[in-house]
Amino acid sequence: MYIKELTELNGVSGNEDEVREYIKKCIKELVDEISIDSMGNLIAFKKGKNSKYKVMLSAHMDEVGFMVTGFGESGVVKFATVGGIDERILPGKRVLVGEKNIPGVIGSKPVHMQEREERNVNIKLKKMYIDIGTDKREETEKLVSLGDYVAFYSPYTQFGEGLVKAKALDDRVGCAILIEALKERYEFDLYACFTVQEEVGLRGSEIAAYTVNPDIALVVEGTTCSDVPGVEKSEYSTVLGDGAALTIMDRTSYPSKNFVNYIFELAQKSKLSIQFKQTNSGGNDAGKIQMSRGGVVTASISVPCRYIHSPVSVMSEKDFNSCRDIVIAVLKDLGKNQQLIENMKRI
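For the structure given in this document, a descriptive report is provided here. (Residues numbered from 1 in each chain as written. Predicted model: local features only at pLDDT ≥ 70, side-chain atom pairs only at ≥ 80, totals over all residues. Heavy atoms only, no water.)

### Remarks on the packing of helix H5 (residues 169-181) against helix H9 (residues 317-336)
The axes of two packed helices give the description: the angle between them and the distance between them. Contact geometry for H5 and H9: axes closest at 10 Å, N-to-C directions at 45°. In terms of their interaxial angle, H5 and H9 are classed as oblique. As H5 runs across H9, the sense of the crossing is right-handed. Across the interface between the two elements, Val173, Ala176, Ile177, Glu180 and Ala181 from H5 touch Phe320, Cys323, Arg324, Val327, Ile328 and Leu331 from H9. Taken together, the residues of the contact of H5 with H9 sort by class into nine nonpolar, no polar and two charged. (Axes fitted to C-alpha atoms, helices over the stretch in contact; angles between N-to-C directions. Helix = DSSP H or I, 4+ residues; strand = E, 2+ residues; numbered from the N terminus. Parallel < 35°, antiparallel > 145°, perpendicular 65-115°, else oblique. Left-handed = near helix turned anticlockwise from the far one by under 90°. Contact = heavy atoms within 4.5 Å. Nonpolar A, V, L, I, M, F, W, Y, C, P; charged D, E, K, R; others polar.)

### Remarks on unusual backbone geometry
A cis amide bond links Asp170 with the next residue in sequence, Asp171, at an omega value of 10°. Along the chain, the position of Asp171 falls in helix H5. Non-glycine residue Lys271 carries a positive phi angle of around 60°. Relative to the helices and strands, Lys271 resides in the loop between helix H7 (257-269) and strand S15 (274-276).

### A word on the environment of Gly162
Along the chain, the position of Gly162 falls in the loop between strand S10 (157-159) and strand S11 (163-166). When the C-alpha atoms of Gly162 and Glu317 are compared, they prove to be 5.6 Å apart, with 155 residues separating the residues in sequence.

### What about the pattern of salt bridges?
As enumerated under the stated definition, the model contains 16 salt bridges in all. Between Asp17 and Arg20 there is a salt bridge, and its shortest N-O distance comes to 3.2 Å. Highlighted residues: Asp17 and Arg20, both in helix H2 (residues 17-27), separated by three residues, approximately one helical turn. On the accessibility criterion, Asp17 (41% relative accessible area) is partly exposed. On the basis of relative accessible area, Arg20 is assigned to the buried category, the value being 11%. The shortest N-O distance in the salt bridge between Lys183 and Glu180 comes to 3.3 Å. Glu180 gets classed as buried once you look at its relative accessible area, which sits at 15%. Look at the salt bridges and you will find they share partners, linking Glu63, Lys167 and Arg172 into a network. (Salt bridge = Lys/Arg side-chain N within 4 Å of Asp/Glu carboxyl O. Buried < 20%, exposed > 50% of the residue type's maximum accessible area, 1.4 Å probe, protein only.)

### Section: the sheet that holds strand S13 (residues 216-224)
Read across the sheet, eight strands follow the order S1-S2-S12-S3-S13-S16-S14-S15 without closing on themselves; strand pairing throughout is mixed. The strands lining the two open edges of the sheet, one partner per strand, are strand S1 (33-36) and S15. Direction aside, neighbouring strands of the sheet carry axes that sit 25° apart on average. (Pairing = 2+ DSSP bridges.)

### Section: the pairing of strand S2 (residues 42-46)
Within S2, five of the five residues are buried, which leaves the element mostly enclosed by the surrounding structure. Covered by surrounding structure in S2 are Leu42, Ala44 and Lys46 together with Ile43 and Phe45, the residues of both alternating faces. Direction of pairing for S1 relative to S2: antiparallel, over a ladder of four bridges. Residue pairing in the sheet places Glu33 in a bridge with Phe45 of S2. A loop of five residues connects S1 with S2, the two strands running antiparallel in sequence, and Gly40 in this loop sits at a positive phi of about 110°. Pairing of S2 with strand S12 (residues 189-195) involves five bridges; the strand directions are antiparallel. Across the sheet, Lys46 pairs through a bridge with Leu190, a residue of S12.

### Details of empty space enclosed by the protein
The gaps left among the atoms become clear once a water-sized probe is rolled over them. Tallied over the full model, the rule gives two cavities of 30 Å³ or more. Roughly 80 Å³ of volume is contained in the largest cavity. Lining the largest cavity are Glu63, Val64, Phe152, Lys167, Ala168, Leu169, Asp170, Glu199, His309, Ser310 and Ser313. Considering only residue class, the lining of the largest cavity consists of four nonpolar, three polar and four charged. (1 Å grid on protein atoms, 1.4 Å probe; cavity = no way out; pocket = protein on both sides within 12 Å on 5 of 7 lines; lining within 4 Å. Points joined across faces, edges and corners; volume = space filled by probe spheres on them.)

### Remarks on the pairing of strand S3 (residues 54-60)
Each regular strand carries side chains that alternate between the two faces of the sheet. Summarising burial for S3: six of the seven residues are buried, a large majority. Both S3 and S12 contribute to a ladder of seven bridges, which runs parallel. When the sheet's bridge partners are listed, Ala59 is paired in S12 with Phe194.

### Re the nonpolar core
One recurring pattern in soluble globular proteins: nonpolar side chains tend to sit buried together. The biggest cluster of nonpolar side chains holds 63 residues, and the ones touching the most others in it are Ile23, Phe194, Phe259, Ile263 and Ile301. Contact partners of Ile23, with chain neighbours within four places excluded, come to Leu6, Leu42, Met61, Cys175, Ile179 and Phe194. Counting residues in hydrophobic clusters, the runner-up holds 19 residues, among them Val68, Phe71, Ile85 and Val97. (Core = buried A, V, L, I, M, F, W, Y, C linked by side-chain atoms within 4.5 Å.)

Right, here's the structure in full:
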């Protein structure tokens, strides 16, 4: 599935090099051309039998993480978040700092040293630090530099009935599915875009979409899954194990209803598990791709992930397989009847 290797690489937004190099090695024999633009997007081109239409697949390589912003006199590292992270989960988490992957732990004032009123409020980010085992600022500065990236440390783990725990499932699941899709040959020209800096403003996809100028685009993502204790069933976003999730609307995009309905009906016809995302929270690269140039017919399909944007995201292998199979089924079906692409471009 490529998931283990992909999630154990570090690729905080703006520092996707490791992930890009791994993907490049995986796909070099599968595609006709690989290009890397000035932003760092990897665009893989696979020529079709008929070049009338261009289809774009998109998945982002980056993950949420941190950046070094300063040092304390006692040797601790000050940091800021890169991307959206719930700061309440951070104390005690293991991290890797800088290019040398220096082990560290996110620390804060110990509970037994806190005043009573402090114990009743969540610890703020500015009160946290990263401990890398040094006790003097000078020692730390020999190992760590301002601007260094910091990633969660969380080895890939299989557990339960076909579940996976890892960091960066958002969106290494999408990257893995794009790699799998590139193993097939299609009727149209296919552009698989592995984008950068999604977590800090969907930046890479805007450039990639402008470059490719596709007729139609499918974004493959990891999305929120809220089927956990304390959440009413009516408030579930997606359900783990119920298959790939189609987005109807979110904060950044309004996918083509024709495209969304087509994917849903094709999945049902192919007996592949699929569900609709029931909330409109969040957003992804579809927001920028949809508005590129004169507009692009776009849809998003995702693998549900519990505890997203944390070091312990959880997915079901069933959902991953469902998402992969639906993406490939869509590409093959569009190839058989390319008039569908033209029809979806009409309002």
